[in-house]
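Chain by chain, the residues:
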Amino acid sequence: MQGIGLRPKVCVSADGSGVVGHAGARLLADLADATGLTAAYSAALRPLRPRGTGHDPGRIATDLAVMLADGGETIADLAVLRDQAEVFGPIASTPTAWRLLADVDERALAFLRSARASAREVAWLQAAERGEGIPAVRAAGCMLPGLVLDIDATLVACHSEKQQAAPTYKGGFGFHPLLCFLANTGEALSGRLRPGNAGANTATDHITVLDQALAQIPDAHRHGTDILIRTDSAGSAKAFLAHVRDMRQRGIRTFFSVGYAITEPVRRAVRAMPDRLWHPALDQDGTLRDGAEVAELTGMVDLDGYPAGTRIIVRRERPHPGAQLSLFDQDEGLRHQVFLTDTPYSGGGSAQFLEVRHRGHATVEDRIRCGKTTGFGRFPSRDFGVNAVWLELSLAAIDLLAWMRVLLLDGELATAEPKKLRYRLLHVAARLTRGGRRLRLRILATWPWKLELATAFHRLAALPRPAG
């Protein structure tokens, strides 16, 4: 029997120097500079810097976004960057950062959104320069043309009294933000902080979030590119779908694919559908989905008031263990899901393909789960306005991670979630040395992902910078 090896004994002291933790986070700070996010934030928040003294407000906002991308949860976590000034430069104190968040009003918040949009345009141009471009979303083994926007709401619990926090429909207490993510890259295009009792299917909130998301897309992609809007059944309000359709009059080619409630007319149509008109459903790789079938109910359900050309499609399948079934599902012995779309029959709009395309909306739940570890899972203030700014900065943090994956990483790390990126790249320790009038960040030679991190820094240095 082999004995258990003993770990070497160590003596611990708190007097080290020349060693940096979270060294990989410098990659995010430099990426914010390279995409022009820091400069755009500085221009947006210049009025908040009295007489040009003290810390640049735009730089403080960038540092907060970097801290959130690195996994920080509170404003006090800025200390991780502040106490390593040789790598991250001068970082504002916690009270200074608090004052900035409190000073950002609705007008300044709109400027922050515009600044993030300008940085996104630069990032997308840099991706095009690299020859990568914006990746396509895949469904049924095929690449979807254009861009895919996923809108969904989530509940964020609050454990103390905060302004506009309210009881939620699940019996909790907190906020109910509505968010929009770009499925192509995982970027967080827009978000709206709402009270916990805000309606899930409020058309005005969906319209606001969609408009803000579209404003984030560079002009070259917003016009002349197919843009698919996916939501669950909360987005099936007629006013919202009419707004999506009206976008075409402004030169924006938007289409929708939204969940739909299983009403009594839908149940009657499902029961009346002949077995011969049910077709095998597909998986995301294009293979047949075991135990699942798809049928089109268009013409069998009254869709009066919905945009012309709206189609209704249903999928039925054997329920997986633990699935939440309605009484109708229990009676039929199958789980049913219904959605609406205005994608026409021509151009590959078969019911089977459209159903698997819509099912891809479920990935937004992963985006939200990761977003809650990147800022908006915990709001720091009792003031609603401060928390709204915090949400915007957390969206910027999510963007920084997305741009890092697209512009700087390959292979497994190019699709990694934030937790993996932090563990392997961002939280690495390194040694600082000086020589030849240069400051060097020396990553441990035995670190398993040292080459990936070094390559990312080299690619960052080679990115074209915006003029000025």
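Heads up: the structure comes first, above all this text.
These figures come from a predicted structure and were not determined experimentally.

**With respect to the overall build of the protein**
In step 1: Per the secondary structure count, the protein includes 17 helices and 17 strands.
In step 2: For a compact globule of 468 residues, the expected C-alpha radius of gyration is about 23 Å, and the protein comes in at 25 Å, within 12% of that figure.
In step 3: Taken along the three principal axes of its C-alpha coordinates, the protein extends 80 × 70 × 45 Å.
In step 4: Split into buried and exposed, the 468 residues of the protein put 49% on the buried side.
In step 5: When the accessible surface of the protein is split by element, carbon and sulfur atoms take 52% of a total near 22,400 Å².

**Observations regarding the packing of helix α14 (residues 364–376) against helix α15 (residues 384–408)**
In step 1: Remark: α14 packs on α15, axes separated minimally by 8 Å, with the N-to-C direction vectors making an angle of 120°. Between α14 and α15, the crossing angle belongs to the class labelled oblique. For the pair α14 and α15, the sense of crossing is right-handed. Here G371, T374, G375 and F376 of α14 lie close against α15, whose contacting residues are W390, L391, S394, A397, I398 and L401.
In step 2: A class-by-class count of the residues in the contact of α14 with α15 yields six nonpolar, four polar and no charged.

**Side note on the sheet that holds strand β10 (residues 227–231)**
In step 1: An order of β9-β8-β4-β10-β11-β15-β14-β13-β12 is seen for the nine strands of this open sheet, with the pairing classed as mixed. Two strands close off the open sheet at either side, each with one partner strand: β9 (188–192) and β12 (279–282). Recorded for the sheet is a direction-independent mean angle of 25° between the axes of neighbouring strands.
In step 2: Sheet analysis places β10 next to strand β11 (residues 254–260), joined by five bridges and oriented parallel. Looking at β11, one finds that T231 is bridged to V258.
In step 3: Packed on one face of the sheet, helix α8 (residues 203–216) meets β4 (147–153), β8 (178–182), β9 and β10 and runs near 150° to β9.

**A short note on the packing of aromatic side chains**
In step 1: Counted by the stated rule, this structure contains four aromatic pairs.
In step 2: On the numbers, 5.4 Å between centres and 80° between planes, the contact of F175 with F379 is edge-to-face. Here the residue F175 occupies a position in strand β7 (residues 173–175), and F379 occupies one in the loop between α14 and α15, the gap between them amounting to 204 residues. Both residues of the pair, F175 and F379, count as buried.
In step 3: An aromatic cluster is present here, built from F175, F379 and F384 joined pairwise through their rings.
In step 4: The ring centre of Y345 lies 3.7 Å from the NZ or CZ of R311, which sits over that ring.

**Some words on the pattern of salt bridges**
In step 1: Following the criterion strictly, the structure yields 32 salt bridges and no others.
In step 2: E355 is the partner of R315 in a salt bridge, and the nearest nitrogen-oxygen pair spans 2.6 Å. Here R315, found in strand β14 (residues 311–317), pairs with E355, found in helix α13 (residues 351–359); they are 40 residues apart in sequence, far enough to count as distant. The pair R315 / E355 is uniform in exposure class, with both members buried.
In step 3: A salt bridge links R424 to E412; its shortest N-O distance comes to 3.4 Å. In this pair, R424 sits in helix α16 (residues 418–426) while E412 sits in the loop between α15 and α16, placing the two residues twelve residues apart along the sequence.
In step 4: Using a relative accessible area of 46% as the deciding quantity, one classes E412 as partly exposed.

**A look at the packing of helix α6 (residues 94–103) against α15**
In step 1: Two numbers describe how α6 lies on α15: the axes approach to 8 Å, and their chain directions differ by 105°. If you check the angle between α6 and α15, you find them roughly perpendicular. Residues W98, L101 and A102 of α6 pack against V386, V389, W390 and L393 of α15.
In step 2: Each residue belonging to the contact of α6 with α15 can be placed in one class, and the counts come to seven nonpolar, no polar and no charged.

**Some thoughts on the sheet that holds β7**
In step 1: A sheet is described by the order of its strands in space; here three strands give the open sequence β5-β7-β6, paired in antiparallel fashion. Whereas interior strands pair on both sides, the edge strands pair on one side only; in this sheet they are β5 (156–157) and β6 (166–167).
In step 2: Relative to β7, β6 runs antiparallel, the two being bridged by two bridges. Looking across to β7, one finds that A166 is bridged to G174.

**Here's the deal with the side chain of E392**
In step 1: Mapped onto the fold, E392 is located in helix α15.
In step 2: A relative accessible area of 3% means that E392 is categorised as buried.
In step 3: Here E392 is in contact with L109, L112, R113 and R116, once residues within four sequence places are set aside.

**Let's talk about the nonpolar core**
In step 1: L149, F240, L297, I312, L340, M404 and L408 are the most contacted members of the largest nonpolar core, which has 123 residues in total.
In step 2: With 17 residues, the top contributor of residues to this core is α15.
In step 3: Among residues more than four places away in sequence, those in contact with L340 are L241, F256, S257, V258, Y260, L303, Y306, T310, R311 and I312.

Basis of the calculations
- Residues numbered from 1 in each chain as written.
- Predicted model: local features only at pLDDT ≥ 70, side-chain atom pairs only at ≥ 80, totals over all residues.
- Heavy atoms only, no water.
- Helix = DSSP H or I, 4+ residues; strand = E, 2+ residues; numbered from the N terminus.
- Rg over C-alpha atoms; globule rule 2.2 N^0.38 Å.
- Buried < 20%, exposed > 50% of the residue type's maximum accessible area, 1.4 Å probe, protein only.
- Areas by Shrake-Rupley, 256 points an atom, 1.4 Å probe, with all protein chains shown as cover.
- Axes fitted to C-alpha atoms, helices over the stretch in contact; angles between N-to-C directions.
- Parallel < 35°, antiparallel > 145°, perpendicular 65-115°, else oblique.
- Left-handed = near helix turned anticlockwise from the far one by under 90°.
- Contact = heavy atoms within 4.5 Å.
- Nonpolar A, V, L, I, M, F, W, Y, C, P; charged D, E, K, R; others polar.
- Pairing = 2+ DSSP bridges.
- Phe/Tyr/Trp six-rings, centres within 6.5 Å; stacked < 30°, edge-to-face > 60°.
- Lys NZ or Arg CZ within 6 Å of the ring centre and 35° of its normal.
- Salt bridge = Lys/Arg side-chain N within 4 Å of Asp/Glu carboxyl O.
- Core = buried A, V, L, I, M, F, W, Y, C linked by side-chain atoms within 4.5 Å.

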